[in-house]
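# Fold and geometry: a report
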Amino acid sequence: MRKTIKYMVSSLVLATSLVACTNLDETLYDQVASQNYYNTKEDVIRSVLRPFEHGYWSIQSRQVLNEETADQLITPTREDWWDDGGRWARLHRHQWLVNNGEAQSEYNGCFQGIMQANLVIEDLDKLSAAQFGFSDAEFNNLKAQNRVLRAWFYLRLLDAFRNVPLAVSFYDTSKNTQEQVDPKTIFGFIESELKATLPLLTKKTSMGGNQNLQGQWTQAGAAALLVRLYLNAKVYVGKEHYADCANYAQKIIDGEYGSYKVADRWDAAFDWNNETCDEVIFAFPGAAGYSHWHYKGDLYWWSVPSKASDWLKDTKNKEGSHNIKYSVSPSYNPKGEKYNFELGMPIARFKDYPSDVRLKKYTNLGNNKREGLFVYGKIAYTDENGNTAYLKDHNGRYTLDLRDAVGKFGATDGDKWLASADSRLENGDDNSGWMFVKYPLYSDDESGQLEADYCEIRLPEIIYSLAECKLRQGDAASAGRLLNEVRKRNYPSTDWNTALYTPEGAAKLDMKELLNEWGREFFAEGRRRVDLIRFDKFLNAWWDKDADVDNHTLIFPFHREILGANKYLKQNPGYNEK
């Protein structure tokens, strides 16, 4: 396999993989005396890597919070499946409770990662480069890795909770606050840490993807986190930082922090060999035999029908059965009448440009190649006898015929509709909503199965962020040109005159369309809630969700167990203490 377990340092670049730690219950470094642990160069590298594995694992809770609460993805009840006491409906409708387990997982996961990073940061401050055979540049890069990772965790906490404690030490807890600090303090800490570490990090200097840099923070990765921070600054601290956002985004695009370019196809950044994709700025390495947390239920393993293994032929990977957790929010009611919501309806937004290659039905083409993003209609496959068969619902009672609507369709053919327009999360079935494959689900016979790395940051995010800054300044032409650099790969060149934004095409770009375009390009990438909030749309109504009565749901509550563990914490405004 292309990802072997190896740790090495060559030249000034740490070339390593983050796939070595797969057991989250393993002995942690806070249980090993530091003076006894660091004996070799490899010991130092392993200690640096440990918090990264935790960070990779923790993306699952963020995905749930940022997608289930937004307008594009849903988890409807599937007859006898997926009601779960109304858990997913409450998330979608912004009626979550203070004992929300996803918010608790995000809070605990981030702070566990922060304390692991603090331990490594302080340990490395006691060591010297020379005693382990590192150059100063190599050692400074190593020391910077966990500072950037810690900033990444804090950025997530700032986004989800806004009011959190600040912990900067593992050994001397007197340096940490017991109570929450104001968001400006967290914002300033993230900003200062990223600026301080940026020049210490390695720069990607050639094309051909991250290769051995995959899985470590580079200069472009740290700068990209500053772009994220500044783009959402008005939300976080009440003050715009669009000029700062544009400044760092432009430097990344200009190559000041490394060599990157937009891939020539939309799925290259998610494919099995995405360590060779120059669009990827930061990714957590994954592999079939090691960690691959994005191929789990709360991310991309449960976004296809429950019996999808019959179709995909991926039964040997030991991940268990697929499931039907995630569907796409509907564009039509069960009578076949199109909704007119401003938000949601993502399939309709994709179909605003009907020649979009992502609208092709997902298909494994063989030899580690795929096409299409969505799963819909009837899904044919060849059974064990060589005959054509079709996927059935999870109870095996009827042939699936997935449609862009939510209702109890059962065996109703896809070209026929129901008599009632009633459509709620509680009255869905296996046919309710298109499904999707963001990361490829290759068969057992393909070497690329489960080999895709999890792409956390890619160049289009930086381009779209700069375009948004331009549009907010009133420069729609420059914004359109930037977006077209990415969008042109999604449409045949014969359609560019209608599909691209002005002045290079006829499509009109305004703030409403930009939010739609963020939704298309970053569909199901765990950021939709963040974008809705920045565009002041998160509190609005969409399918099966009324407008929020106030704005307290812009951030999440602290679970009662979190409050119980720290008497100095106060519940976020708008939520009951209990």
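Only a predicted model underlies this, so the values are computations on that prediction, with no experimental measurement involved. (Residues numbered from 1 in each chain as written. Predicted model: local features only at pLDDT ≥ 70, side-chain atom pairs only at ≥ 80, totals over all residues. Heavy atoms only, no water.)

## Quick word on the state of the cysteines
Selection rule: The criterion for a disulfide is a pair of cysteine sulfur atoms lying within 2.5 Å.
Scanning the entire structure with this criterion turns up zero disulfides. Unpaired in this structure, Cys277 has its nearest cysteine sulfur neighbour in Cys455, at a distance of 7.4 Å.

## So, the nonpolar core
Stated formally: We define the nonpolar core as a collection of buried residues of types Ala, Val, Leu, Ile, Met, Phe, Trp, Tyr and Cys that are connected through side-chain atoms lying within 4.5 Å of one another. Here's how the labels work: a residue is buried when its accessible area is under 20% of the maximum for its type, exposed when over 50%, partly exposed in between, all with a 1.4 Å probe on protein chains only. Here a helix means four or more residues in a row that DSSP labels H or I, a strand means two or more in a row labelled E, and each is numbered from the N terminus. Contacts are assigned to residue pairs that have any heavy atoms within 4.5 Å of one another.
Counting residues in each nonpolar core, the largest one holds 149 residues, and the members touching the most others are Tyr154, Trp217, Phe374 and Phe436. Looking at this core element by element, the count peaks at eleven residues for helix H5 (residues 136-160). Once residues lying within four places of it in the same chain are set aside, the contact partners of Trp217 are Phe52, Asn141, Gln145, Val148, Leu149, Trp152, Leu201, Ala222, Leu225, Phe282 and Ile457. In this structure, Tyr37, Val44, Leu124 and Ala129 belong to the second largest nonpolar core, which totals 14 residues.

## A few points about helix H15 (residues 511-521)
The line we're drawing: Any N or O atom pair separated by 3.5 Å or less is treated as a polar contact, with the protein-specific requirement of one donor-capable and one acceptor-capable atom, and with residues adjacent in sequence counted only for side-chain atom pairs.
Judged by how many residues are buried, H15 sits mostly within the fold: nine of eleven residues are covered. The complete set of buried residues in H15 reads Glu513, Leu514, Leu515, Asn516, Glu517, Trp518, Gly519, Arg520 and Glu521. Those residues of H15 that are buried are in contact with helix H7 (219-231), helix H11 (346-350), strand E12 (454-458), helix H12 (459-472), helix H13 (476-487) and helix H16 (528-534). Of the residues flanking the start of H15, the one acting as N-cap is Asp510, its side-chain oxygen 3.3 Å from the backbone nitrogen of Lys512.

## A closer look at the packing of helix H2 (residues 41-67) against H5
Convention followed: Note on definitions: angles span 0 to 180 degrees between N-to-C directions of axes, and those axes are lines fitted to C-alpha atoms, for helices only across the stretch in contact. When an angle is under 35 degrees it counts as roughly parallel; over 145 it counts as roughly antiparallel; between 65 and 115 it counts as roughly perpendicular; any other value is oblique. Less than a right angle of anticlockwise turn of the near helix away from the far helix marks a crossing as left-handed, whereas a clockwise turn marks it as right-handed. Three residue categories are used. Nonpolar comprises Ala, Val, Leu, Ile, Met, Phe, Trp, Tyr, Cys and Pro, charged comprises Asp, Glu, Lys and Arg, and polar comprises the others, including Gly.
Packing of H2 against H5 leaves a shortest axis separation of 11 Å and a crossing angle of 20 degrees. The angle between H2 and H5 falls in the class roughly parallel. As for the relative orientation of H2 and H5, their crossing is left-handed in sense. Contacts between H2 and H5 involve Val44, Val48, Pro51, Phe52, His54, Gly55, Ser58, Ile59, Ser61, Arg62 and Asn66 on the former and, on the latter, Phe139, Leu142, Gln145, Asn146, Leu149, Trp152, Phe153, Arg156 and Asp159. Residues of the contact of H2 with H5, tallied by class, amount to ten nonpolar, seven polar and three charged.

## Topic: the pairing of E12
Worth spelling out the cut-off: Strands pair, by our definition, only if DSSP identifies at least two bridges between them.
In terms of burial, E12 is largely enclosed, as five of its five residues are buried. Strand direction decides the pairing type here: strand E4 (residues 280-284) and E12, joined by four bridges, are antiparallel. Counterpart to Phe284 in the pairing with E12 is Tyr454.

## Quick word on the packing of aromatic side chains
Cut-off, in case you're wondering: Stacked, tilted and edge-to-face are the three classes assigned to paired rings of Phe, Tyr and Trp, where Trp is represented by its six-membered ring and a pair needs centres within 6.5 Å; plane angles under 30 degrees give stacked, over 60 edge-to-face, the rest tilted. Look at NZ for Lys and CZ for Arg. If either is within 6 Å of the ring centre and within 35 degrees of the ring normal, a charge sits over the ring.
Summed over the entire model, instances satisfying the criterion amount to 40 aromatic pairs. Ring centres 6.3 Å apart and planes at 40 degrees place the aromatic pair Tyr332 and Trp417 in the tilted group. With a gap of 85 residues between them, Tyr332 in the loop between strand E5 (327-328) and H11 and Trp417 in the loop between strand E10 (388-390) and strand E11 (435-436) connect regions that are remote in the sequence. Residue Trp417 is classed as partly exposed on the basis of its relative accessible area of 33%. With centroids separated by 5.7 Å and ring planes inclined at 85 degrees, the aromatic side chains of Tyr464 and Phe522 adopt a geometry described as edge-to-face. Of the two residues, Tyr464 is situated in helix H12 and Phe522 in the loop between H15 and H16; the sequence distance between them amounts to 58 residues. Overall, Tyr464 belongs to the buried group, its relative accessible area being 0%. Take Phe522: its relative accessible area is 4%, and that puts it in the buried class. Among the aromatic residues, ring-to-ring pairing joins Tyr56, Trp152, Phe153, Trp217, Phe282 and Phe284 into one connected group. The positively charged end of Lys41 is found above the aromatic ring belonging to Phe134, 5.2 Å away from the centroid. Looking at Arg487, its charged tip hangs above the ring of Tyr501, at a distance of 4.0 Å from the centre.

## A few points about the side chain of Glu521
Topologically, Glu521 is positioned in helix H15. Using a relative accessible area of 3% as the deciding quantity, one classes Glu521 as buried. At a separation of 3.1 Å, a polar atom in the side chain of Glu521 contacts the side chain of Arg489. In this structure, Glu521 is in contact with Arg358, Lys438, Arg458, Pro460, Tyr464, Val486, Arg489 and Asn490, ignoring residues within four places of it in sequence.

## Considering the UniProt feature "domain: SusD-like N-terminal" (unreviewed entry) in the chain
So the rule is basically this: UniProt positions are given in the numbering used here, feature names are shortened, and annotations may be inferred rather than shown by experiment.
Sequence positions flagged by UniProt for "domain: SusD-like N-terminal" (unreviewed entry) are, in local numbering, residues 80-231. Here residues 80-231 runs as 56% helix and 0% strand, with 42 Å between its end C-alpha atoms.

## Quick word on the packing of helix H9 (residues 242-253) against H12
Orientation of H9 relative to H12, taken along the N-to-C sense of each, is 140 degrees, at an axis distance of 9 Å. With respect to their mutual orientation, H9 and H12 come out oblique. The crossing of H9 and H12 is left-handed. Every residue of H12 that contacts H9 at Tyr242, Cys245, Ala246, Ala249, Gln250, Ile252 and Ile253 is listed here: Leu459, Ile462, Ile463, Ser465, Leu466, Cys469 and Arg472. Looking at side-chain class alone, the contact of H9 with H12 contains eleven nonpolar, two polar and one charged residues.

## So, unusual backbone geometry
Of note, the bond from Thr502 into Pro503 is cis; its omega dihedral lies within 30 degrees of zero at 10 degrees. Structurally, Pro503 is set in the loop between helix H14 (496-499) and H15. One non-glycine residue, Arg162, lies in positive phi territory at about 70 degrees. Among the secondary structure elements, Arg162 is positioned in the loop between H5 and helix H6 (183-197). Since its relative accessible area comes to 8%, Arg162 is described here as buried. Within the chain, Gln211 stands out as a residue other than glycine whose phi angle is a positive 50 degrees. Classification of Gln211 by relative accessible area gives partly exposed; the value is 44%.

## A look at the pattern of salt bridges
Pairing between side chains of opposite charge can happen when the charged atoms of each approach one another. Rules: Throughout this description, the term salt bridge denotes a Lys or Arg side-chain nitrogen within 4 Å of a carboxyl oxygen of Asp or Glu.
On inspection of all chains with the given rule, the structure shows 42 salt bridges. Two residues, Arg424 and Asp422, come together in a salt bridge whose shortest N-O distance is 3.3 Å. Among the residues examined, Arg424 registers a relative accessible area of 34% and is labelled partly exposed. Judged by relative accessible area, which is 37%, Asp422 ranks as partly exposed. In this structure, Arg520 and Glu513 form a salt bridge, with 2.4 Å as the shortest nitrogen-oxygen distance. The pair formed by Arg520 and Glu513 is uniform in burial state, with each residue classed as buried. Here the residues in one salt-bridge network are Arg62, Arg228, Glu456, Glu461, Glu468, Arg472, Arg527, Asp531 and Arg534, joined through shared partners.

## Some words on the environment of Trp272
Relative to the helices and strands, Trp272 is located in the loop between H9 and E4. Through-space distance from the C-alpha of Trp272 to that of Ile59 is 19 Å; in sequence the pair is 213 residues apart.

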